[in-house]
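Residue-level listing of the chains:
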Amino acid sequence: MSATAPPIQRLLFPLATRFVAGDSIPDALRAIERLRDEGLATTVAALGEDIATVGDADRTRDEYRRLIEGIAGRSLSANLSVKLSALGTKLGDTGFVERYAEIVAYAAQTMRDPFVRVDMEGSATVDLTLDAVTRTFATHPNTGPVLQASLKRTLLDVTAAVARGMRTRLCKGAYAEPAEVALLGAEEIRTNYLACAALLLRDGPFPAFATHDPSIIREIQQMAQRFGVAKDAFEFQMLYGVKPDLQRSLVRQGYGVRIYVPYGTHWAKYFRRRVMERRENLVFALRSLIARER
Ligand SMILES: Cc1cc2nc3c(=O)[nH]c(=O)nc-3n(C[C@H](O)[C@H](O)[C@H](O)COP(=O)(O)OP(=O)(O)OC[C@H]3O[C@@H](n4cnc5c(N)ncnc54)[C@H](O)[C@@H]3O)c2cc1C
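Each chain has its residues counted from 1, running along the sequence as written. In keeping with the model being predicted, local features are shown solely for residues with a pLDDT of at least 70 and side-chain atom pairs are shown and tallied solely at 80 or more, while totals for entire chains, interfaces and linings include all residues. Computation of side-chain values: all heavy atoms of the structure, hydrogens and water removed.

## Some words on the packing of aromatic side chains
- Whether two aromatic rings pair depends on their centres lying within 6.5 Å, for rings of Phe, Tyr and Trp, where Trp uses its six-membered ring; planes under 30 degrees apart make the pair stacked, over 60 edge-to-face, and the rest tilted. In total, this model carries four aromatic pairs according to the counting rule given.
- Consider the rings of Phe-236 and Tyr-255, whose centres lie 5.7 Å apart with planes at 65°: the pair is edge-to-face. In this pair, Phe-236 sits in strand β7 (residues 235–239) while Tyr-255 sits in the loop between α9 (244–252) and β8 (256–263), placing the two residues 19 residues apart along the sequence.
- Exposure classes here rest on a 1.4 Å probe applied to the protein chains alone. A residue is buried below 20% of its type maximum, exposed above 50%, and partly exposed in between. Accessibility expressed as a relative area gives 0% for Phe-236, which makes it buried.
- When its relative accessible area of 12% is taken as the criterion, Tyr-255 is described as buried.
- Only lysine NZ and arginine CZ atoms are considered, and such an atom sits over a ring when it is within 6 Å of the ring centre and within 35 degrees of the ring normal. Its guanidinium or amino end placed over the ring of Tyr-106, Arg-65 lies 4.0 Å from that ring's centre, counting from NZ or CZ. Here a helix means four or more residues in a row that DSSP labels H or I, a strand means two or more in a row labelled E, and each is numbered from the N terminus.

Okay, here's the thing in structure tokens:
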């Protein structure tokens, strides 16, 4: 990492590398290769939320252009994950849609597997995100949204995505949301996840089930069998460094598994989120650091 980074960041960086591939494009490319060698596919995210200026938003787009060139330059196969906030949703104009569409178009021109996933952020951004994805998808089908089972509206959004033929990633949802829009109980979210998964499995093109929840994974495997959906017609997705044994075990069983690989100099906030989600992640990170030092 850069020698000019603040001392606290330099101290924490070795810990964060359990969950973040590194702070540069070469680090991300090495992670793609390492995971590929273990049979795992990847979707790469340049970390850089909360931008404040048009210049920051342009820099995010330019970083994705360099990432695309890096992936294509090494003849690798990887998808991209982008957050529209990092491309300027809060700047008060529609520039973020153009920057996102430029990434999608450049990926389509340049990459072997040019799929660009748009991460879903807080509930207040769902309409704006789905609108941008739907408009871009109309001219570039190599893009698709994420939908969150914790939101009450999501079954309808899944139905619409399926009708449009958009490749969708389903997740539980990572944002704290008010009760008016969100299901708050774990069991309710699980039930909604499975209802959405059933729709996607039956009729959605190549759905992605992002979860580390073994019981949901089991249910999806059983559902796929019941519906006669082949193992290569959908994939599981998990976060870099989370439940690596489960990731590899699914690969051994013949399922497609794609790992969300974040990298970049803005890694501190992402690492903090992983630790806040699960305090044990600090212990996991320390353990992997000690194992590497041995
Ligand atoms: C590939 C991918 C993409 C995602 N994209 C989005 C997105 O665009 N928008 C969004 O809102 N959310 C996104 N998420 C986050 C998601 O919404 C959940 O917050 C997160 O995955 C935890 O939910 P879970 O299904 O794993 O179930 P949980 O019930 O939270 O976890 C199941 C089990 O997995 C383990 N586990 C789960 N998460 C972690 C972790 N971080 N560290 C260590 N162990 C863990 C725990 O042991 C837990 O018992 C994404 C998740 C993944 C895997």
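## Points about the site of the ligand
- Only heavy atoms are used to decide nearness, and a residue is near a molecule or strand if one of them lies within 4 Å of it. Close to the ligand lie 24 residues; Lys-172, Gly-173, Thr-211, Glu-277 and Arg-278 are nearest.
- Nitrogen and oxygen atoms within 3.5 Å of one another constitute a polar contact, given that in protein one can donate a hydrogen and the other can accept it, and given that sequence-neighbouring residues count only through two side-chain atoms. Note that a nitrogen atom of the ligand is positioned 2.8 Å from one of the backbone N or O atoms of Met-120.
- Within the side chain of His-212, a nitrogen or oxygen atom sits 2.8 Å from an oxygen atom of the ligand.
- Contributing elements (two or more residues each) for the shell around the ligand: β4 (143–148), β5 (169–171), β7 and α10 (267–277).
- In terms of residues, the shell around the ligand owes the most to one element, β7, which gives three residues.
- Its residues assigned to classes, the shell around the ligand shows 10 nonpolar, six polar and eight charged. In this count, Pro and Cys sit with the nonpolar residues alongside Ala, Val, Leu, Ile, Met, Phe, Trp and Tyr, while Asp, Glu, Lys and Arg are called charged and the others, Gly among them, polar.

## Focus on the nonpolar core
- Only buried residues count toward a nonpolar core, which is a set of Ala, Val, Leu, Ile, Met, Phe, Trp, Tyr and Cys residues joined through side-chain atoms within 4.5 Å. With 90 residues, the main nonpolar core has Ile-71, Leu-80, Tyr-100, Phe-209, Ile-220 and Phe-234 as its most contacted residues.
- Here the element with the most residues in this core is helix α7 (residues 186–203); it accounts for eight residues.
- With residues up to four places along the chain from it excluded, the contact list for Ile-71 reads Leu-29, Ile-32, Leu-76, Ala-78, Leu-80 and Met-111. By the convention used here, residues are in contact when the closest approach between their heavy atoms is within 4.5 Å.

## Observations concerning the pairing of β4
- Burial runs high along β4: six of the six residues are buried.
- Criterion used throughout: strands pair if DSSP finds at least two bridges between them. Where strand β3 (residues 116–118) and β4 come together, three bridges link them in parallel fashion. The residue of β4 that forms the bridge with Val-116 is Thr-143.
- A crossover counts as right-handed when, viewed with the strands pointing away from the observer, the path leading from the first strand over the helix to the second turns clockwise. Tracing the backbone out of β3, into helix α5 (residues 126–139) and back to the parallel element β4 gives a crossover that is right-handed.
- One ladder, built from three bridges, connects β4 with β5; its direction is parallel.

## Some details on the pairing of strand β1 (residues 41–46)
- Burial analysis of β1 places five of its six residues in the buried class, which makes it a mostly covered element.
- Looking at chain direction, β1 and β8 are connected through six bridges and run parallel. In the sheet register, Thr-43 faces β8, and the bridge partner there is Tyr-260.
- Note: β1 against strand β2 (residues 79–82), two bridges, orientation parallel. Looking at the pairing, Val-44 lines up with Leu-80 of β2.

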